[in-house]
Amino acid sequence: PVELKTLQVTSIGPELGANSFEKSLAAGKIGIILVFIFMILYYRLPGLIADIALILYISIVLFVLAALKATLTLPGIAGFILSIGMAVDANVIIFERIKEELNMGKTLRASIDSGFRRAFLAILDSNITTLIAAIVLFYFGTGTIKGFAVTLSIGILASMFTAIVITKLLMKLFVGINILTDKKFYGAQEKKSI
């Protein structure tokens, strides 16, 4: 019963969408490279291990998206980049816990075990709440929102796997073969004598 009146009409050509897609991919690449550099500079050896796990994480997510024959749209790229941030966040939580354990004087192996154990619940909580939000977005959303939710969900599950399984495996491998066993390579602060 209400009369509609057109006030403005805007049409967007395919070049604008392609341009936005290319810029989003470029921004994602730059962001990932900066994350790689930051992790190595700040966390040293664990940062390098996190970068290796992150490369595996990106490969897993892209493989799953390809297996599902998913079309990567702008919202999908946004979900992918957000899930990369969550994957890095999980590693940061783990490494901070390991540093705390090392600074309390524990051995390297004990610090790694305790750090992963203490970080697990925080990582699980954050990923489950984000997964619930992604499920709600998928259920109530439309096409592009559903694409974002699917990409985010795949990313969250892959992030949990790489942070908790792969990073831990690589950390234990490095410690087990006695490469760089000095605690300072793992972020421990040196004790200063007075």
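This text goes with the structure placed above it.
These remarks concern the structure in this document.

## Remarks on the packing of helix H2 (residues 45-67) against helix H3 (residues 74-103)
Put simply, H2 and H3 touch, their axes get as near as 10 Å, and they point 150° apart. On the basis of their axis angle, the class for H2 and H3 is roughly antiparallel. Note on packing geometry: the crossing formed by H2 with H3 is right-handed. The residues of H3 that touch H2, namely those facing Pro 46, Gly 47, Ala 50, Leu 54, Tyr 57, Ile 58, Val 61 and Leu 62, are Phe 80, Ser 83, Ile 84, Ala 87, Val 88, Asn 91 and Phe 95.

## Topic: the packing of aromatic side chains
On inspection of all chains with the given rule, the structure shows 5 aromatic pairs. Ring geometry for Tyr 42 versus Tyr 43: centroids 4.7 Å apart, planes at 80°, classification edge-to-face. Judged by its relative accessible area of 42%, Tyr 42 is partly exposed. By relative accessible area, Tyr 43 is classed as buried at 4%. Considering the side-chain rings of Tyr 43 and Phe 95, the 5.5 Å spacing of their centres and the 55° angle between planes classify their relative orientation as tilted. Pair noted here: Tyr 43 is in helix H1 (residues 14-43) and Phe 95 is in helix H3, with a separation of 52 residues, a long-range link. Ring-pair connections join several aromatic residues into one group, and the members of that group are Phe 38, Tyr 42, Tyr 43 and Phe 95. Its guanidinium or amino end placed over the ring of Phe 138, Lys 146 lies 5.2 Å from that ring's centre, counting from NZ or CZ.

Calculation criteria
Within every chain, residues take consecutive numbers counted from 1 along the sequence as written. Totals for whole chains, interfaces and linings use every residue, but because this is a predicted model, local features are given only for residues with pLDDT of at least 70 and side-chain atom pairs only at 80 or more, for both listing and counting. Side-chain measures were taken over the full set of non-hydrogen atoms in the model, leaving aside hydrogen atoms and water. Axis definition: a line fitted to C-alpha atoms, limited for helices to the stretch in contact. Angles are taken between N-to-C directions and run from 0 to 180 degrees. Numbering goes from the N terminus for both helices and strands, where a helix is a DSSP run of H or I of at least four residues and a strand is a run of E of at least two. Every angle not falling under 35 degrees, over 145, or within 65 to 115 is termed oblique; those three ranges are roughly parallel, roughly antiparallel and roughly perpendicular. Should the near helix be turned anticlockwise from the far one by less than a right angle, the crossing is left-handed, and should it be turned clockwise, the crossing is right-handed. Contacts were defined at the residue level, with two residues in contact if any of their heavy atoms lie within 4.5 Å. Put simply, two rings from Phe, Tyr or Trp (the six-membered ring, in Trp's case) pair if the centres are within 6.5 Å, and we call them stacked under 30 degrees between planes, edge-to-face over 60, tilted for the rest. For the exposure calls, accessible area comes from a 1.4 Å probe over protein chains only, and a residue counts as buried if that area is under 20% of its type's maximum, exposed if over 50%, partly exposed in between. Put simply, a charge is over a ring when the Lys NZ or the Arg CZ is close to the ring centre, within 6 Å, and near the line of the ring normal, within 35 degrees.

Honestly, that's just the spatial picture; any functional story needs more than this.
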